[in-house]
Every structure is written in C-alpha cells, then in structure tokens.
Amino acid sequence: MAAAVASSDSVSIPSVNKAWVYSEYGKSADVLKFDPNVPVPEIKEDQVLIKVVAASLNPVDFKRMLGYFKDSDSSPPTVPGYDVAGVVVKVGSRVTKFKVGDEVYGDLNEKALDKPKKIGSLAEYTAAEERVLALKPKNLSFVEAASLPLAIETAYEGLERVEFSAGKSILVLGGAGGVGTHVIQLAKHMFGASKVAATASTKKLDPLRSLGADLAIDYTKENFEDLPEKFDVVYDAVGQSDRALKAVKEGGKVVTIVGPVTPPAIIFILTSTGTILEKLKPYLESGKVKPVLDPTGPYPFSKTVEAFAYLETSRAAGKVVVYPIP
Ligand SMILES: NC(=O)c1ccc[n+]([C@@H]2O[C@H](COP(=O)([O-])OP(=O)(O)OC[C@H]3O[C@@H](n4cnc5c(N)ncnc54)[C@H](OP(=O)(O)O)[C@@H]3O)[C@@H](O)[C@H]2O)c1
C-alpha cells in the first residue's frame, strides 16, 4: 500500500501511482507497460501537481516512443502524454495563478522536442509549470478539454506565424486531423477567413464542412495544387510543403508543421503556453470553436496501448483521448 502524504490543503497524495511507462524506445506501442508503482513527481516552485482526469494523445507521443528525437529527448523510462486535463492538488511556492481544487488543462511540455518531461499525462498524477496551463472552460468536460491543448495551440501559432487575418483565404492540408480540425475552425470563426478549403479522404468531407470549411477537397480524387483557385495561405499539417507552394497566390504564405520543409514555406515547432488557451477561452465558451473527438474514443486507461496503435494509423478523425484515468 502506497504511503500517502497530505498537502497543505489536506488533499491526500500518494507517493506512488499508476502509470503507463516505456523503459526503452521501440517499434510500436507494445513497449508501453502498465506500472502501478511509479513515483508521484515532486513539484518545483513554479509547478502544480495535477490529479489527471483525462489525457489526449498526439503524434509526437508515438514519434518520441519510437526514438525519432532521442538526441534531444529526456532518457527513458518515460511516462508519455503531453496533453492533460485534471484538478490541481498541490501548488509550488511561486505559483500565483492556480490553487488547490482548480480544474486546469494544458500541454505539459513547453518545448515539444527539447527534454520533454519524463512523467507525462498517462498517469494518475503529473506535474506542470503554471505557465503552460489554463483554467478549464466550465462548459467543456475533462475529455473535451484534454483533447485541445497541443493541437489547438499549434493551429493558432501557425496562423499567427503567417499573420493570418480577416478577409484572407486559406487551404488546410490534413483538415480532419487533430491540428487541421482546429485550423479550419480558428481560421473561419476567430480570424474571419474569407474562404476555408481543406483536404481529407472521401468519408471525412462532411465533417470538414460542418467545422466551417467552404470547400472540402477529396485528396484521393483530386490534387489540390491542380485547382485553378489559389490561396493566400496554405497550412500544411501533412508534410506536403513542396506541393503546397503550388497552391498559394503570388505573395502568399505556406506554413508547415511536418518536415522536411521546402522554402520559402516556413516550419515551426509549437511552444506550449497557457496564454493561447486563455485567448481562445471566449471562442470555446461560446461554442464557436469546438473540441473534435475521434468517435472510437475515449479509450479507458486500460486500453492506452490500443489508443496509441490507433493514433499511429494516421486515420484519427479529431483527437484520441484516454479517459477515465483512475
Ligand atoms: N510542428 C509542430 O509543432 C507540430 C504540432 C502538432 C502536430 N505536428 C505534426 O503534424 C502532423 C499532424 O498532426 P495531427 O495531430 O493533426 O495528426 P492526426 O490527428 O493523427 O492526423 C490524422 C489525420 O490526418 C489525415 N491525413 C493523413 N494523410 C493525409 C493526406 N495525405 N491528406 C490529407 N489528410 C491526411 C487523416 O485523414 P484521412 O483519414 O482522411 O486521410 C486523419 O484524419 C503530425 O505529423 C504531427 O506530428 C507538428
């Protein structure tokens, strides 16, 4: 039985907890093992300890597990999981924004590829700096909130990087994915795009339209770069920046989140910050921008390996969420 310690506000916190862990990089999610005795992380002055309620998976989780960026990664053993939604159970001495009992969400890793945390969100408890978190919008469930941070922050940062603004047109490559679903919604409902086009396979075209796409392009039937229409911006969430350059107007911009990048397209890696979530709050609370959950989920904690295997197919429609976490 784990020894329990009481925090200052007398929330009982165990010393060890249940988590999914891999001890070495692997070829698949099979390296992921359930461990009931992972130490609960100690928090630093600027961190809070979160009782995790829901976690969502991102491609970076499995790319990390496969060792794609092992040179800049923190070494295994690793508890994966960037996105979290949960309840604050302990606060560091310099934390000012949050108190015990607050419902928060965020992407735990400020720099996705640079020493991401050894203990992520696929655990009962996880720690994060207050600057990467925001209060959970009251209208969203923990599952919905957990689905958002990394994907929606990436969508927003990319639109900012190309100085997207009202009246501009945009083509979104990979419109049905975690990031693409949010690029469509933010471009249309927050930035005021004049026209939003997006690519997906045949069965996913109607969902694109319901998110706000004016034009849904079936990439299995036509090449977007052959369309007569050109766009002010192409947001590439697939890794097609070479083709994307052929779909922009003269003077237009291409931003990609998947390398290799073909200049003059630009690429960036997300910086996680709660500030973006705070900016998006009115749009989330009003329902103008909605979480998009893959219909196969949420996956219970015991099915985390299956959730990873599904995400790795690159066919997810929206976000893959793990819930409940015990
Ligand atoms: N640089 C960064 O900071 C950053 C941040 C977040 C994500 N990323 C990267 O961005 C990529 C997308 O992330 P995500 O979370 O959106 O992934 P995701 O949710 O796994 O994306 C899955 C979606 O991609 C669509 N798709 C696959 N191939 C496609 C194609 N050729 N054309 C159009 N759609 C296609 C699929 O739709 P269909 O089934 O219809 O094909 C599916 O709905 C990943 O490689 C991820 O690592 C980078």
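What comes next is a walk through the structure. (Residues numbered from 1 in each chain as written. Predicted model: local features only at pLDDT ≥ 70, side-chain atom pairs only at ≥ 80, totals over all residues.)

**Overview of the site of the ligand**
Around the ligand, the surrounding shell holds 30 residues, and the nearest of these are Pro-59, Ala-176, Gly-177, Gly-178 and Ser-201. Among the elements of the structure, helix 1 (59-65), helix 3 (149-161), helix 4 (178-189) and strand 11 (195-200) are those that each provide at least two residues to the shell around the ligand. Tallied by class, residues from the shell around the ligand come to 19 nonpolar, nine polar and two charged. (Near = placed C-beta within 6 Å. Helix = DSSP H or I, 4+ residues; strand = E, 2+ residues; numbered from the N terminus. Nonpolar A, V, L, I, M, F, W, Y, C, P; charged D, E, K, R; others polar.)

**Examining helix 4**
Taking 1.5 Å per residue as the helical rise, helix 4 with its 12 residues ought to reach 16 Å, and the 17 Å between its terminal C-alpha atoms agrees with that figure. For helix 4, the buried fraction is high: 11 of the 12 residues fall into the buried class. Gly-178, Val-179, Gly-180, Thr-181, His-182, Val-183, Ile-184, Gln-185, Leu-186, Ala-187 and Lys-188 are the residues of helix 4 that are buried. Contacts from the buried residues of helix 4 go to helix 3, strand 10 (169-173), strand 11, helix 5 (205-211) and strand 13 (231-236). (Expected span 1.5 Å × (residues − 1). Buried ≥ 20, exposed ≤ 12 C-beta atoms within 10 Å, placed from the backbone. Contact = placed C-beta atoms within 7 Å.)

**Digging into helix 7 (residues 274-286)**
Here helix 7 is 13 residues long and its end C-alpha atoms lie 19 Å apart, about the 18 Å a rise of 1.5 Å per residue gives. At Leu-280, helix 7 shows its maximal kink, close to 45°; a proline, Pro-282, follows between one and four residues later. Inspection of helix 7 places Gly-274, Ile-276, Leu-277, Leu-280 and Leu-284 among the buried residues, and these make up the whole buried set. Where the residues of helix 7 are buried, they touch strand 7 (103-107), strand 9 (133-135) and helix 3. In the stretch just after helix 7, Gly-287 is the one whose phi turns positive, near 85°. (Bend = angle between axes of the 7 residues up to and from the residue.)

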